[in-house]
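Residues per chain are reported as follows:
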Amino acid sequence: MHLETFAHGHSPLHRLDPRAKLAAAIGYSLLVALGHDWAMLWAALGVSLAAVLTARLRPWEVLKRLLAVNTFMAMLWVLLPWQVVEAPAWPGLGLALNTHGVELALVITLKGNALALALMALVATSPINQVFHALAHWRTPQKLLQIFFFFYRYLHVLHREYHRLDWGMRVRGFVPGSNWHTYRTYAHLLGMLLVRSYDRAERVYQAMLCRGFHGTYWVLDHFAWQRRDGIFCGLWAGVLLLLLLLGRAGL
Amino acid sequence: MHISEGVLGGVVLAAGAGLSLAGVAVGLKKLDYGQMPKVAILAAAFFVASLVSVPIGPAKAHLVLNGLLGLLLGWGAFPALLVALALQAVLFQFGGLTTLGVNTFNMALPAVLCYLVLGGLTRNGGQRMPLLAGFLAGSLSVGGSALLVAATLYTAGQEFLTMAHLVVVAHLPVMVLEGVITAATVGFLRRVRPAMLGMA
């Protein structure tokens, strides 16, 4: 299971401090999610696209992610633009196009795509461990950070474990179907996965105690805030301000 | 069951974030450092389990399992789901940063309620009671989440009414499936590792 598709690269965005990028992503998300001016939303889509191009992400991977985001949007386009009318223009077709619904679907599609692209360009371009590290700098509670860290660390281990159990079942001739046997078998697979995870957690914690764990999770590599990070933050603040002005002008 | 970015209004987003923050704070307060790896690794196990697609009639469904998560982690379900959803947002762009609070709350609240109401029944009782409690926990927490998602969507406007109905109806078969799987898993854990359900 390789999850950090975009984390490694040589673009200007990959080189930035994760703190700068995460702050930029949060500010941008809030602004775009709450905005409702057309000019601003189209401009935001442009900004996000520019960010993805700057990050030089693999186009095919970006498209795959967008496809996933837009399956939800497709559902909106099917459901939102229609309204039931009392006296249909054509008999048997009691639906009419609702312009407000169309606008709503378009607004949500714009926002969703702009924000998904921005997350790919700004956050997914840092390895996840560095994102945790950035959160640690912002005084995120230690306990929450540890859950984050262990969750991500053991996700891969458990995914392999699951596949091992799954292969074991298939080797013994298990074919899933819609029957009690299948559901009971899956429940036992799940139960076994949970029991093994529980035991693993116990061993991990004992190993941590052996190494003197006392509630602090230390990070070994440190960030150094550089001039380019400051410049990026300044530029990004400018972009946000422009979008904000664009939104105000339209209102 | 993610609500995408850009659907909800500022008030609902802020309310979701605030409620989730409170839930996560309670969850973290109730857990000591010894339980951190347990919460995290079980959360990871649930994440992996949710990738499994189980046949149900002609279709296949992914398991949500928030009921079982609630039974095993209690209030820890809040931080566990927050972490899982945050990583989904960052890694796959499912959901997003602004909807993180709402999505966490919609998934975690029914899980914690099931733990508070049904958790005791899975530990005690005879042969049938724990399985029944497991079934109820599995189906009601998914059903509760679907209702919360539908209600949240409806706050975004009249236009979302059809979609809200659809979310609830689509989850009816999932409720049965989740109930069956959760009951069978509770039965399995009672035989194999009763300590995980909090039994002495």
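The structure displayed is predicted, hence computed values, not measured ones. (Residues numbered from 1 in each chain as written. Chains lettered and ligands numbered in written order. Predicted model: local features only at pLDDT ≥ 70, side-chain atom pairs only at ≥ 80, totals over all residues. Heavy atoms only, no water.)

**Some words on the overall build of chain A**
- Broken down by element type, chain A carries nine helices and two strands.
- Its helices and strands in sequence order give chain A the pattern α-α-α-α-β-β-α-α-α-α-α, from N to C terminus.
- The globule rule puts the C-alpha radius of gyration for 251 residues at 18 Å, and the 24 Å found for chain A is more than 25% above it.
- C-alpha extents for chain A along the principal axes are approximately 70 × 60 × 30 Å.
- Within the span of chain A, comprising 251 residues, buried residues form 50% of the whole.
- Excluding contacts between residues fewer than 6 apart, the proportion of contacts in chain A whose partners are at least 24 apart in sequence is 78%.
- Summing over all exposed atoms, chain A offers an accessible surface of approximately 13600 Å²; the carbon and sulfur share of this is 65%.
- Each charge class in chain A was averaged separately, 23 positive and 12 negative side chains, and the resulting centres sit 8 Å apart. (Helix = DSSP H or I, 4+ residues; strand = E, 2+ residues; numbered from the N terminus. Rg over C-alpha atoms; globule rule 2.2 N^0.38 Å. Buried < 20%, exposed > 50% of the residue type's maximum accessible area, 1.4 Å probe, protein only. Contact = heavy atoms within 4.5 Å. Areas by Shrake-Rupley, 256 points an atom, 1.4 Å probe, with all protein chains shown as cover. Lys, Arg positive; Asp, Glu negative; His and termini not counted. Charge placed at Lys NZ, Arg CZ, Asp CG, Glu CD.)

**Quick word on the overall build of chain B**
- Counting its secondary structure elements, chain B contains seven helices and two strands.
- Along chain B, helices (α) and strands (β) appear in the sequence α-α-β-β-α-α-α-α-α when read from the amino end.
- Taken over the C-alpha trace, chain B has a radius of gyration of 16 Å; the compact-globule value for 200 residues is 16 Å, and the two agree within 12%.
- Projected onto its principal axes, the C-alpha positions of chain B cover 50 × 45 × 30 Å.
- Classification of the 200 residues of chain B by burial places 60% in the buried group.
- Contacts in chain B between residues at least 24 apart in sequence constitute 74% of all its contacts with a sequence separation of at least 6.
- Per element, the accessible surface of chain B, about 7200 Å² overall, is 70% carbon and sulfur.
- Computed over 9 positive and 4 negative side-chain charges, the separation of the two mean positions in chain B equals 22 Å.

**Examining the environment of Ala-116 of chain A**
- On the secondary structure map, Ala-116 of chain A appears in helix α5 (residues 99-122).
- Classification of Ala-116 of chain A as buried rests on a relative accessible area of 5%.
- With 89 residues separating them along the chain, Ala-116 of chain A and Gly-27 of chain A place their C-alpha atoms 14 Å apart.
- Setting aside chain neighbours within four positions, we find Ala-116 of chain A in contact with Leu-66 and Val-69 of chain A together with Gln-93 of chain B.

**Quick look at the pattern of salt bridges**
Residue and element names in this part refer to chain A.
- Tallied over the entire structure, the rule returns eight salt bridges over all chains.
- For the salt bridge of Glu-161 with Arg-196, the shortest nitrogen-to-oxygen distance reads 3.2 Å. You can see Glu-161 sitting in helix α7 (residues 142-171) and its partner Arg-196 sitting in helix α8 (residues 180-210), a full 35 residues away along the chain.
- According to the relative accessible area criterion, Glu-161 is buried, its value standing at 5%.
- According to the relative accessible area criterion, Arg-196 is partly exposed, its value standing at 30%.
- With its nearest N and O atoms 2.9 Å apart, the salt bridge here joins Glu-161 to Arg-200. (Salt bridge = Lys/Arg side-chain N within 4 Å of Asp/Glu carboxyl O.)

**Structural notes on the packing of α7 of chain A against α8 of chain A**
Residues and elements named next belong to chain A.
- For the pair α7 and α8, interaxial distance at closest approach is 10 Å and the crossing angle is 140 degrees. By the angle class used here, α7 and α8 are oblique. The interaxial crossing formed by α7 with α8 has right-handed handedness. Across the interface between the two elements, Phe-150, Tyr-154, Val-157, Leu-158, Glu-161, Tyr-162, Leu-165, Asp-166 and Met-169 of α7 pack against Thr-185, Leu-189, Met-192, Leu-193, Arg-196, Ser-197, Arg-200, Val-204 and Met-208 of α8.
- Per-class residue counts for the contact of α7 with α8 are twelve nonpolar, two polar and four charged. (Axes fitted to C-alpha atoms, helices over the stretch in contact; angles between N-to-C directions. Parallel < 35°, antiparallel > 145°, perpendicular 65-115°, else oblique. Left-handed = near helix turned anticlockwise from the far one by under 90°. Nonpolar A, V, L, I, M, F, W, Y, C, P; charged D, E, K, R; others polar.)

**Focus: helix α4 (residues 59-79) of chain A**
Residues and elements named next belong to chain A.
- Look at α4: 30 Å from first C-alpha to last across 21 residues, which is about the 30 Å you get at 1.5 Å a residue.
- At Asn-70, α4 shows its largest kink, close to 30 degrees.
- Taken as a whole, α4 has its buried residues at Glu-61, Val-62, Arg-65, Leu-66, Val-69, Phe-72, Met-73, Leu-76 and Leu-79. (Expected span 1.5 Å × (residues − 1). Bend = angle between axes of the 7 residues up to and from the residue.)

**Focus on the domain arrangement of chain A**
Residues and elements named next belong to chain A.
- What the domain assignment reports for chain A is domain 1 (12-126 + 224-250) and domain 2 (134-210).
- Look at where the C-alpha atoms of domain 1 and domain 2 centre, and you get two points 34 Å apart.
- Opposite the five residues of domain 1 that make contact, domain 2 presents four residues.
- Between domain 1 and domain 2, a total of about 360 Å² is buried, with carbon and sulfur atoms accounting for 87% of that surface. (Domains from an automatic or database assignment. Buried area = accessible area lost by both parts, 1.4 Å probe.)

**Points about the interface of chain B and chain A**
- Opposite the 71 residues of chain B that make contact, chain A presents 74 residues.
- Of the roughly 6200 Å² buried between chain B and chain A on both sides combined, carbon and sulfur atoms contribute 82%.
- Counting the surface chain B buries against chain A, the share from its top three residues, Tyr-33, Ile-41 and Gln-93 of chain B, is 12%.
- Linking chain B with chain A are two salt bridges, by the criterion used here.
- Where Arg-193 of chain B meets Asp-199 of chain A, a salt bridge forms, and the shortest distance between an N and an O atom there is 2.5 Å.
- Linking chain B to chain A there are eight residue pairs in polar contact (both at pLDDT 80 or more).
- Elements supplying a minimum of two residues to the side of chain B that touches chain A: α1 (10-30), α2 (36-49), β1 (53-56), α3 (66-73), α4 (77-92) and α7 (161-192) of chain B.
- For the side of chain B that touches chain A, the element with the highest residue contribution is α2 of chain B, accounting for 14 residues.
- Looking at side-chain class alone, the side of chain B that touches chain A contains 51 nonpolar, 13 polar and seven charged residues. (Polar contact = N/O pair within 3.5 Å; in protein donor to acceptor, adjacent residues only side chain to side chain.)

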